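Take a look at the letters that make up each chain.
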Amino acid sequence: MENKDCHYMGIALEEAKKAFDMNEVPIGAVIVRDDAIIAKAFNRRNTDKNTLAHAEMMAIDQASKVVGDWRLDDCTMYITLEPCPMCAGAIVQARIPRVVIGANNKKAGCAGSIINLLEEERFNHQVDVTRFVFEQESSDLLKDFFKKLRTLPRK
């Protein structure tokens, strides 16, 4: 594990904590290019009432605007939780070459937990995946969130 990976995953965790504070599932994403952060985002699905408002999707959108292209082929993405099918597909489509993941997602993970879209050899693009960077911190944040959610009044 590179020291750089810990640094940027720490920033992704800060993003996830913003989601936590807004009663959103605490997932954060950061996209780095040439050792500079070009995008960071957190889940806003409930806040924005938008199925697509996952941290990864929002970060890809921001990064594409910064780069001026849909191809992010010289970037690294840091995500606190293994991506879902939609986000994994977007990562492949954006041609992101490397993804660093915090915790596994046993219920929807598409980087190996359920299926592995990121490293699927039949696709025209595969992603180099580094797993378990700040796994415990990412996992604990999610557990704390769902524990907190159970105490909130139902709408």
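What you are looking at is a predicted structure, and each value in this text was computed from that prediction instead of being measured. (Residues numbered from 1 in each chain as written. Predicted model: local features only at pLDDT ≥ 70, side-chain atom pairs only at ≥ 80, totals over all residues. Heavy atoms only, no water.)

Draft legend 1. Here's a closer look at the overall build of the protein. When its secondary structure is counted, the protein shows 5 helices and 5 strands. Along the chain direction, N to C, the helices and strands of the protein fall in the order α-β-β-α-α-β-α-β-β-α. In terms of overall size, the protein behaves like a compact globule, its C-alpha atoms giving a radius of gyration of 15 Å where 155 residues would be expected to give roughly 15 Å. With respect to the principal axes defined by its C-alpha atoms, the protein has extents near 45 × 30 × 30 Å. With 155 residues in all, the protein has 46% of them scored as buried. (Helix = DSSP H or I, 4+ residues; strand = E, 2+ residues; numbered from the N terminus. Rg over C-alpha atoms; globule rule 2.2 N^0.38 Å. Buried < 20%, exposed > 50% of the residue type's maximum accessible area, 1.4 Å probe, protein only.)

Draft legend 2. Local environment of the packing of helix α3 (residues 55-67) against helix α4 (residues 85-93). α4 packs onto α3 with a crossing angle of 25° between their chain directions and a minimal axis gap of 9 Å. With respect to each other, α3 and α4 are oriented roughly parallel. Like other packed secondary-structure pairs, α3 and α4 cross with a definite hand, here left-handed. Contacts between α3 and α4 involve Glu56, Met57 and Ile60 from the former and Met86, Cys87, Ala90 and Ile91 from the latter. Its residues assigned to classes, the contact of α3 with α4 shows 6 nonpolar, no polar and 1 charged. (Axes fitted to C-alpha atoms, helices over the stretch in contact; angles between N-to-C directions. Parallel < 35°, antiparallel > 145°, perpendicular 65-115°, else oblique. Left-handed = near helix turned anticlockwise from the far one by under 90°. Contact = heavy atoms within 4.5 Å. Nonpolar A, V, L, I, M, F, W, Y, C, P; charged D, E, K, R; others polar.)

Draft legend 3. Seen up close, the packing of aromatic side chains. One pass over the full model with this rule turns up 3 aromatic pairs. With a centroid separation of 6.1 Å and 65° between ring planes, the pair formed by Phe20 and Phe145 is classed as edge-to-face. On the criterion of sequence distance, the pair formed by Phe20 in helix α1 (residues 3-21) and Phe145 in helix α5 (residues 135-151) is long-range, its members being 125 residues apart. There is no split in this pair, since Phe20 and Phe145 are both buried. Aromatic side chains Phe145 and Phe146 sit 5.0 Å apart centroid to centroid with 75° between the ring planes, which places their arrangement in the edge-to-face category. Look at Phe146 and you get partly exposed, because its relative accessible area is 36%. Put simply, the rings of Phe20, Phe145 and Phe146 touch in pairs and so form one group of aromatic residues. Its end group placed over the ring of Phe20, Lys148 keeps NZ or CZ at 4.2 Å from the ring centre. (Phe/Tyr/Trp six-rings, centres within 6.5 Å; stacked < 30°, edge-to-face > 60°. Lys NZ or Arg CZ within 6 Å of the ring centre and 35° of its normal.)

Draft legend 4. Focus on the pairing of strand β2 (residues 36-42). As judged from the 6 bridges shared by strand β1 (residues 28-33) and β2, these two strands associate in the antiparallel manner. The residue of β2 that forms the bridge with Val30 is Lys40. Here β1 hands over to β2 after 2 residues, with Asp34 in that stretch at a positive phi of 50°. (Pairing = 2+ DSSP bridges.)

Draft legend 5. Looking closely at the UniProt feature "domain: CMP/dCMP-type deaminase" (unreviewed entry) in the protein. Under the present numbering, the feature "domain: CMP/dCMP-type deaminase" (unreviewed entry) in UniProt falls on residues 3-112. Note that residues 3-112 is 41% helix and 24% strand, and that its end C-alpha atoms are spaced 24 Å apart. (UniProt positions renumbered as here; feature names shortened; annotations may be inferred.)

Draft legend 6. Looking closely at the nonpolar core. In terms of nonpolar packing, the biggest core is built from 37 residues, with Ile31, Ile60, Met77, Ile91, Val99 and Leu118 touching the most fellow members. Where this core is concerned, the elements lending two or more residues are α1, β1, β2, α3, β3 (75-81), α4, β4 (98-103) and α5. Of all hydrophobic cores here, the second largest spans 9 residues; its members include Met9, Ile11, Tyr78 and Val100. (Core = buried A, V, L, I, M, F, W, Y, C linked by side-chain atoms within 4.5 Å.)

Draft legend 7. Inspection of the sheet that holds strand β5 (residues 128-130) at higher detail. Across the sheet, 5 strands lie side by side as β2-β1-β3-β4-β5; this open sheet has mixed pairing. Two strands bound the open sheet, and with one partner strand each, they are β2 and β5. Neighbour-to-neighbour, the strand axes of this sheet turn through a mean angle of 20°, independent of strand direction. Bridging between β4 and β5 involves 3 bridges; their strand directions are parallel. Opposite Val99, over in β5, you have Val129 as the bridge partner.

Draft legend 8. Geometry of a nonpolar patch on the surface. On the surface, a cluster of nonpolar side chains totalling about 230 Å² of accessible area is made up of Phe146, Leu149 and Leu152. Along the chain, Leu149 falls in helix α5. (Patch = residues over 30% accessible without salt bridge, like charges linked within 9 Å, V, L, I, M, F, W, Y side chains within 5 Å. Areas by Shrake-Rupley, 256 points an atom, 1.4 Å probe, with all protein chains shown as cover. Salt bridge = Lys/Arg side-chain N within 4 Å of Asp/Glu carboxyl O.)

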